[in-house]
Amino acid sequence: MQFKHPEILYFLFLLVLPILVHLFQLRRFKKEYFTNVQFLKELSIQTRKSSTIKKWLLLFTRLLLLACLVFAFAQPIFSAKESKKNSNEMYIILDNSFSMQAKGKKGELLKRAVQDLLEHTPEAQNFSLITISDNYWNTDIKTLQKDLQDLKYSATPFRLDNLIAKVNARKSAFNKDIVVITDAVGLKTNHSKSFRKEDNVYFVIPKAEQKNNIAIDSVLIKQTLDSFYEIGVKISANGEDFKDIPIALYNNNKLTAKTMLSFEINSKTVNFTIPKQSFHGYVTLNDKGLAYDNTYFFTISKPNKTNIISIGNTDKSNFLAKIYTSDEFAYNNFPLTNLDYNLIEKQDAIVLNELSDIPQALQTTLKSFVSKGGNMVIIPGENTNVTKTNEFLANFGAIQLKAITTGDKKVTKINFNHPLFNTVFEKKIDNFQYPSTKNSFGINSSSPTILSYEDLSAFLTSVANPLSSVYLFAAPINKTNSNFQNSPLIVPTFYKMAQNSQKTGVNALVIGENQPFVVDALLSKDEILSVKNKTESFIPVQQLLNTKVKMTFNDNPTDAGNFGIFNGANLVQNISFNYIRTESNIGLVNNDIAANFKKIDDIETVFNTIQTDRTDTQIWKWFVMLTLLFILLELLILKFVK
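Rules of the game
- Residues numbered from 1 in each chain as written.
- Predicted model: local features only at pLDDT ≥ 70, side-chain atom pairs only at ≥ 80, totals over all residues.
- Heavy atoms only, no water.
- Helix = DSSP H or I, 4+ residues; strand = E, 2+ residues; numbered from the N terminus.
- Rg over C-alpha atoms; globule rule 2.2 N^0.38 Å.
- Buried < 20%, exposed > 50% of the residue type's maximum accessible area, 1.4 Å probe, protein only.
- Contact = heavy atoms within 4.5 Å.
- Pairing = 2+ DSSP bridges.
- Salt bridge = Lys/Arg side-chain N within 4 Å of Asp/Glu carboxyl O.
- Phe/Tyr/Trp six-rings, centres within 6.5 Å; stacked < 30°, edge-to-face > 60°.
- Lys NZ or Arg CZ within 6 Å of the ring centre and 35° of its normal.

**Student:** A description of the overall build of the protein should follow, citing residues and the corresponding values.
**Tutor:** When helices and strands are tallied, the protein shows 12 helices and 36 strands. Its C-alpha atoms give the protein a radius of gyration of 42 Å, clearly above 26 Å, the size a compact globule of 642 residues would have. Scored against the burial criterion, the 642 residues of the protein give a buried share of 45%. Put simply, of all contacts in the protein between residues at least 6 apart along the chain, 71% involve residues at least 24 apart.

Put into C-alpha cells, the structure is as follows:
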C-alpha cells in the first residue's frame, strides 16, 4: 500500500491527545465513607467498573476514528500491476483485406470491427491506426471517424510482419501497446516474431460464421479453332455442399453465355466457346461467401499473325515452315550472312538453328530483343562453340551447355506442369513415340526441364523472365542427328515457344504483383500512356523501347476491372486487372498467431483490460466510511453504555 500524501501521516501524533485525556480521567482519589452511605459501597464499586469499561471503549473508538481520518487525508492506494505502462503509446493494426468480407454474428467482420472502434474507443485516447492501405498517426477516434466509416477493402493481402515493421519504424522514448484486429486468414506464425519483447500486444480475432466460399481463380484458352476459342474458367470451392451455382460470361457488358454448376470436388474447370475475335469482359458467379473473388476480368486481344524468323541453314530449317504456317504466322528464314538486324526488333520470336558461332553484334541485338519481350529458341549444332555460347547464355540467367557426348538417348519425360504445356494435353500420357538423339550436349540449369531424357537429364529447358523466355535444346534436331522432327511433340512444342502470352493469350494481370507489360506503341518524347476506365485513371511507370512501351503498375489500379491503355484519346490496347486470390479460403485461420500474446474477444474488452491493469486502486473512501462508522459507534457508546 502506498500514499499519495504521505506527509499527512505525521498527524498520527494527534493520537496522543485521546490517550492523555483518558489517563487524566482515570486518576485515583482517596474516598472516605460515612456511616449514612455505608450501605451504598457495594453499588458504587459496581458502577465504577462499568464506567471504566465505557472510558476504554471510547478511547479505542476515538483512536481508530482519528487514525482513519488521518489515513483518509493521506489517500492510500494499491499500485496497479502494470502502472509503469501508463505512458505506453497505442497502435491499432486493422486488417482490411478481402477475407474480412466474411460474415460473423453481427455482419461483415471489417464493418463490425470499425463499428466497435467507433463505439468503444475512449474519446481521450490518443492512438495510431495502421491498415494495409493507409496509416493515421497520432490521432483520436473523433478525428478518425469519417475515415473509418469510408475504409475500403484492400487488394493487397494482409502481411502482419510488414505492418509491424511500420510500427517499429516509429521511434519513441516510450513502449508501445499494439492491438491487432485480424481474422488471421493465411497468416504465418513467424510473422509475429517481428514484435518487440517490451511491447504489450493484444490480438482481437473475429470469427466468420460462414466459411464456405467459391472463387474464380483464372481463365485460359484451352483450344484455338479456326473460328472459335475454347476457354476454360478454373473455379475452386472451399467448403462443401455447393449446388446449382450460376455462372455467366460477359463481353463488353453483354451476356455471352450462362450455365449452372455443382461441385463434386474442390476444383472445377468450366468451358465456354466464344468467337475467335477480341474479347474484353468478365466471368462472374453468385455464392454466399466472399464477394471479391466472384468476378474475373480478362481480355483476349484481336488475333494477329505472330512474326517469327529463324537464323541458320535453310535446309535444316524447312521443318519450321511446316509448323509456322501462313494463316497464323509471318515466318521467314535467313542464313546468318543474309540477316538484316533491323528486322529483329519487329519479331515476336527468333529461332537460332545450329549456329556454330553468334557474332557479338547479334548477341547485343538479341539481348535487347529478349529484354523487350521477345522469345528466343536456341538449337545447338554439332560444331557449336560451347564456350562462346555459354558467354551468350549468361546474359539471360543460370543456364549453360556442357561438352557434347555421343550415344543414343531417348526423350521419355514430359513436364506437364510447365507453362509451355499448360493447355496442350487434356491428360497426362506415359507411353508415346519416344524421339531420340545420337549426339547431345549436357545442360546445367536450375530451371525445371520441359522435356527430359530417360536418364532425367534435360533435352529442352528454358529461362523465363516476366516478359519472355529463352528456350534451349540439348541436341541438334536435324534428321541426321534426331527423329524429333517426326515426333508428335514437335508441333505443340515449337508452336507454344513462338507464342507471346501478352499477344495471343488471356490478358489478366493481378493487382499488386507488379508484372511488367509491353504494348506496341510508337511514342514521341513528350507522349505518355495512361490506363483508365469509367471510374478510375492512372499513369503507370513506363519505359520506351523503340516501337514498344514497357509498363509497370505497382499497386494500381485500386479496383479490379477492365481498362484501356490510351495515348491521349486514342485507345492503344485493352487490359484487365484482378484481385489476388490468396484469401479466398476463409477456413485457413491461424489461431497460433496469438499463442504468445493476449488474445481478447473484442476491442471493448481491450480498453477495459488496459484501464483495469493500469489504474491504481484507491481506498481512501473506505477510511472515510470507517471514520463515520466510528463516530456513530462513539455516539452509541455514550448513549447506551452506563
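**Student:** Could you give an account of the sheet that holds strand E7 (residues 135–139), with specific residues and numbers?
**Tutor:** With mixed pairing, 6 strands are arranged side by side in an open sheet as E7-E6-E3-E8-E9-E35. On the outer flanks of this sheet lie E7 and strand E35 (598–599), each paired with one strand and no other. Bridging between strand E3 (residues 89–94) and strand E6 (residues 127–130) involves 4 bridges; their strand directions are parallel. In the strand pairing of E6, Met90 is matched with Phe127.

**Student:** How would you sum up the pattern of salt bridges? Please name residues and give values.
**Tutor:** In this structure the tally under the stated criterion is 10 salt bridges. Note that Asp199 is salt-bridged to Arg196, the shortest N-O span being 3.2 Å. Each of Arg112, Asp116 and Glu119 takes part in a single network of salt bridges with overlapping partners.

**Student:** An account of the packing of aromatic side chains is requested, with residue identities and associated values reported.
**Tutor:** Taken as a whole and assessed by the stated rule, the structure comprises 27 aromatic pairs. Ring geometry for Phe195 and Phe597: centres 5.1 Å apart, planes at 65°, overall edge-to-face. Taken together, the residues Phe195 in the loop between strand E8 (176–181) and strand E9 (200–204) and Phe597 in the loop between strand E34 (570–578) and E35 connect sequence positions 402 residues apart. For Phe195, a relative accessible area of 9% puts it in the buried group. Its relative accessible area of 22% is what places Phe597 among the partly exposed residues. Between Tyr282 and Phe297 the ring centres are 5.6 Å apart and the planes differ by 55°, which places this aromatic pair in the tilted class. Of this pair, Tyr282 sits in strand E15 (residues 279–285) while Phe297 sits in strand E16 (residues 295–300), and the two are 15 residues apart along the sequence. Here Tyr282 falls in the buried class, since its relative accessible area comes to 16%. Across the ring face of Tyr453, the terminal group of Lys409 is positioned such that the distance to the ring centre comes to 4.2 Å. Sitting over the ring of Phe566, Lys532 keeps its end group 4.9 Å from the ring centre.

These figures come from the coordinates and say nothing about function on their own.
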